[in-house]
Protein chains: 2
Amino acid sequence: MADRNDPPRPGEERLGHDPAAQVDAGVTFIGRLRSGWARGTAPRNLTQARASGEGAARIELAAPYRRGLAGLEPGQCIWVLYWMDQSRRDLIVQAPRHGSGPRGTFALRSPARPNPVAMAAVRITDLDPEAGVIGIDAIDAFDGTPVIDIKPWLDGIDIPPGAAPAP
Amino acid sequence: MADRNDPPRPGEERLGHDPAAQVDAGVTFIGRLRSGWARGTAPRNLTQARASGEGAARIELAAPYRRGLAGLEPGQCIWVLYWMDQSRRDLIVQAPRHGSGPRGTFALRSPARPNPVAMAAVRITDLDPEAGVIGIDAIDAFDGTPVIDIKPWLDGIDIPPGAAPAP
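Residues numbered from 1 in each chain as written. Chains lettered and ligands numbered in written order. Predicted model: local features only at pLDDT ≥ 70, side-chain atom pairs only at ≥ 80, totals over all residues. Heavy atoms only, no water.

Student: Would you mind going over the overall build of chain A with me for this structure?
Tutor: Broken down by element type, chain A carries two helices and ten strands. Walking chain A from its N terminus toward its C terminus, one meets helices and strands in the order β-β-β-α-β-β-β-β-β-β-β-α. For chain A, the C-alpha radius of gyration of 17 Å lies close to 15 Å, the compact-globule estimate for 167 residues. For chain A, the spread of C-alpha atoms along the three principal axes comes to 50 × 40 × 30 Å. Within chain A, contacts between residues at least 6 apart in sequence are counted, and of these 79% link residues at least 24 apart. Here chain A has roughly 7,000 Å² of accessible surface; of this, 49% comes from carbon and sulfur atoms. The distance from the centre of the 19 positive side-chain charges to the centre of the 20 negative ones in chain A is 4 Å. (Helix = DSSP H or I, 4+ residues; strand = E, 2+ residues; numbered from the N terminus. Rg over C-alpha atoms; globule rule 2.2 N^0.38 Å. Contact = heavy atoms within 4.5 Å. Areas by Shrake-Rupley, 256 points an atom, 1.4 Å probe, with all protein chains shown as cover. Lys, Arg positive; Asp, Glu negative; His and termini not counted. Charge placed at Lys NZ, Arg CZ, Asp CG, Glu CD.)

Student: For this particular structure, what's the right way to read the packing of aromatic side chains?
Tutor: Each aromatic ring pair is characterised by the separation of its centres together with the angle its planes make. In this structure the tally under the stated criterion is one aromatic pair over all chains. Note on Trp79 of chain A and Trp79 of chain B: the rings are 5.2 Å apart at their centroids and 80 degrees apart in plane angle, and the pair reads as edge-to-face. Of this pair, Trp79 of chain A sits in strand β5 (residues 77-83) while Trp79 of chain B sits in strand β5 (residues 77-83), placing the two residues on different chains. Pair check on accessibility: Trp79 of chain A and Trp79 of chain B agree, each one buried. (Phe/Tyr/Trp six-rings, centres within 6.5 Å; stacked < 30°, edge-to-face > 60°. Buried < 20%, exposed > 50% of the residue type's maximum accessible area, 1.4 Å probe, protein only.)

Student: What am I meant to see in the interface of chain B and chain A here?
Tutor: Interface size is often expressed as the accessible area that is lost when the parts come together. Counting residues at the interface gives 65 residues for chain B and 65 residues for chain A. Note on chain B versus chain A: buried area summed over both sides is about 5,800 Å², and carbon and sulfur give 60% of it. Our count for the contact surface shared by chain B and chain A stands at 40 residue pairs in polar contact (both at pLDDT 80 or more). Those elements that provide at least two residues to the side of chain B that touches chain A are β2 (25-27), α1 (46-52), β5, β6 (91-94), β7 (103-104), β8 (117-128), β10 (146-152) and α2 (155-158) of chain B. Residue classes in the side of chain B that touches chain A are distributed as 40 nonpolar, twelve polar and 13 charged. Alignment of strand β2 (residues 25-27) of chain A against β2 of chain B, held across three bridges, turns out to be antiparallel. When the bridges of β2 of chain B are listed, Val27 of chain A appears paired with Ala25 of chain B. (Buried area = accessible area lost by both parts, 1.4 Å probe. Polar contact = N/O pair within 3.5 Å; in protein donor to acceptor, adjacent residues only side chain to side chain. Nonpolar A, V, L, I, M, F, W, Y, C, P; charged D, E, K, R; others polar. Pairing = 2+ DSSP bridges.)

Student: Even after reading the chapter, I still don't get the sheet that holds strand β3 (residues 31-34) of chain B, so can you show me in this structure?
Tutor: Within a sheet, neighbouring strands are paired by backbone hydrogen bonds and run either parallel or antiparallel to one another. Residues and elements named next belong to chain B. Taken together, six strands build a closed barrel; the order of strands is β3-β4-β9-β8-β5-β10 and the barrel is antiparallel. Averaged over all pairs of adjacent strands, the angle between strand axes in this sheet comes to 45 degrees, irrespective of strand direction. Pairing between strand β4 (residues 57-61) and strand β9 (residues 133-136): four bridges, direction antiparallel. Residue pairing across strands places Ile59 opposite Ile134, the latter belonging to β9. (Axes fitted to C-alpha atoms, helices over the stretch in contact; angles between N-to-C directions.)

Student: How should I be thinking about the side chain of Asp158 of chain B in this particular structure?
Tutor: With respect to the secondary-structure elements, Asp158 of chain B resides in helix α2. Assessed through its relative accessible area of 0%, Asp158 of chain B is described here as buried. A polar contact of 2.9 Å, which involves the side chain of Asp158 of chain B, links it to the side chain of Arg109 of chain A. Of note is the side chain of Asp158 of chain B, whose polar atom sits 2.9 Å from the side chain of Trp79 of chain B. Beyond its immediate chain neighbours, meaning those up to four positions away, Asp158 of chain B contacts Trp79, Arg109, Met119, Ala121 and Trp153 of chain A together with Trp79, Pro152 and Trp153 of chain B.

Student: In this structure, what is going on with the pairing of β9 of chain B? I would like to understand it.
Tutor: One face of the sheet, then the other: side chains in a regular strand alternate in exactly this way. Residues and elements named next belong to chain B. The pairing of β8 with β9 spans four bridges and is classified as antiparallel. Across the sheet, Asp126 pairs through a bridge with Gly135, a residue of β9. Counting the residues that bridge the hairpin from β8 to β9 gives four residues, and of these Gly132 lies at a positive phi of roughly 70 degrees.

Student: What is the right way to look at the UniProt feature "domain: TsaA-like" (unreviewed entry) in chain A in this model?
Tutor: Under the feature "domain: TsaA-like" (unreviewed entry), the UniProt entry names residues 27-162 of chain A. Split by type, residues 27-162 of chain A is 8% helix and 34% strand. Its first and last C-alpha atoms lie 34 Å apart. (UniProt positions renumbered as here; feature names shortened; annotations may be inferred.)

Student: It is not clear to me how the nonpolar core should be interpreted in this structure. Could you clarify?
Tutor: In a soluble, globular protein the nonpolar side chains are often hidden away together inside. Judged by nonpolar contacts, the single largest core of 30 residues is most densely connected at Ile59, Ile78 and Ile150 of chain B. Listed by contribution, the elements that provide at least two residues to this core are β6 (91-94) of chain A together with β4, β5, β8, β9 and β10 of chain B. Contact partners of Ile59 of chain B, with chain neighbours within four places excluded, come to Arg32, Leu33, Ile78, Val80, Gly132, Val133, Ile134, Ile136, Val147 and Ile150 of chain B. Among the nonpolar cores identified, the runner-up in size contains 29 residues, and Tyr65, Ala120 and Ile124 of chain A together with Ala107 of chain B belong to it. (Core = buried A, V, L, I, M, F, W, Y, C linked by side-chain atoms within 4.5 Å.)

Student: Quick question: what am I supposed to make of the environment of Asp158 of chain A here?
Tutor: When the C-alpha positions of Asp158 of chain A and Val147 of chain A are compared, they lie 20 Å apart, and in sequence the two are eleven residues distant. With near-sequence residues (within four places) excluded, Asp158 of chain A lies in contact with Trp79, Pro152 and Trp153 of chain A together with Trp79, Arg109, Met119, Ala121 and Trp153 of chain B.

Student: What is the right way to read the relation of the copies chain B and chain A from this model?
Tutor: Comparison of the two chain copies shows a relationship of rotation about an axis with a shift along it. Mapping chain B onto chain A is achieved by rotating through 180 degrees and translating by 0.0 Å along the same axis, at an RMSD of 0.0 Å. The superposition of one copy onto the other is thereby described by a two-fold rotation axis. Taking C-alpha positions as reference, the residue of chain B nearest the rotation axis is Gly26 of chain B, located at 2.4 Å. Looking at the interface residues of chain B, 100% of them are also at the interface in chain A, so both copies use one shared face. (Least-squares fit on C-alpha atoms with pLDDT ≥ 70 in both.)

See below:
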């Protein structure tokens, strides 16, 4: 991931402003991700995290939000939405190291984006609602990354019509 | 959708604080959704919006962000992340009108949640990157809803292993 202070790579374009300085609404952190990853050791994406065999992780929810877990079950797939608080927000065209030339930020899943919200589709491996701890099969986020939402994954709406791959 | 000032329904639980008053990070609006929906007429979800035949919509991106569309193509599936700015944020257990009893907010896709971020998996029907206009096949959001991110939909990461339905 590009460091916040890296010079642009060839083909990259920056916004003329820092989106972090233009606050239209406020996000509140509801918990944290606990993972084995830190800057420099993190996998490139969720698939790599799973393949590593070291991607298992957990979510620790802050106390006021734990009642919100009622109805979730181990084995269920969920979305974890998290705030990539170490990402730069001013790159609008990027040249990923492993990509095929520069592309717009909205054509990429890069963590560098105007609003650094990531979403990971994961499976609940175990669940302690009273403690607010949700074990998940994998995550690619740094240890300590703030969580902003959890939603059930639903095949009927999360796979767009016509987009399902062959089994 | 519950109105912000509705009294709680039986079985519902509220947070002891308003998450909107606890700002840990700032979201910046990058554009707006244009749809035919308003409070009172909106469909219950994206599937209903598609089935209605009136769900087609567009995203209008603010000028600084339009370069971020480079590399997207009509026909491609994308995630639209939007900020449900008319939703209440203090319900942690909810009793949906059409549900089977109270459930935690994180077991529901209800718009009422501590951080009112919604994600919709949609298909690009047409694209004018210079004007910042993206036609999409459907959306269930109110007209004027703020957009906070666009990402490519990727079957390899957006369908968790073992979760793909039979075709």
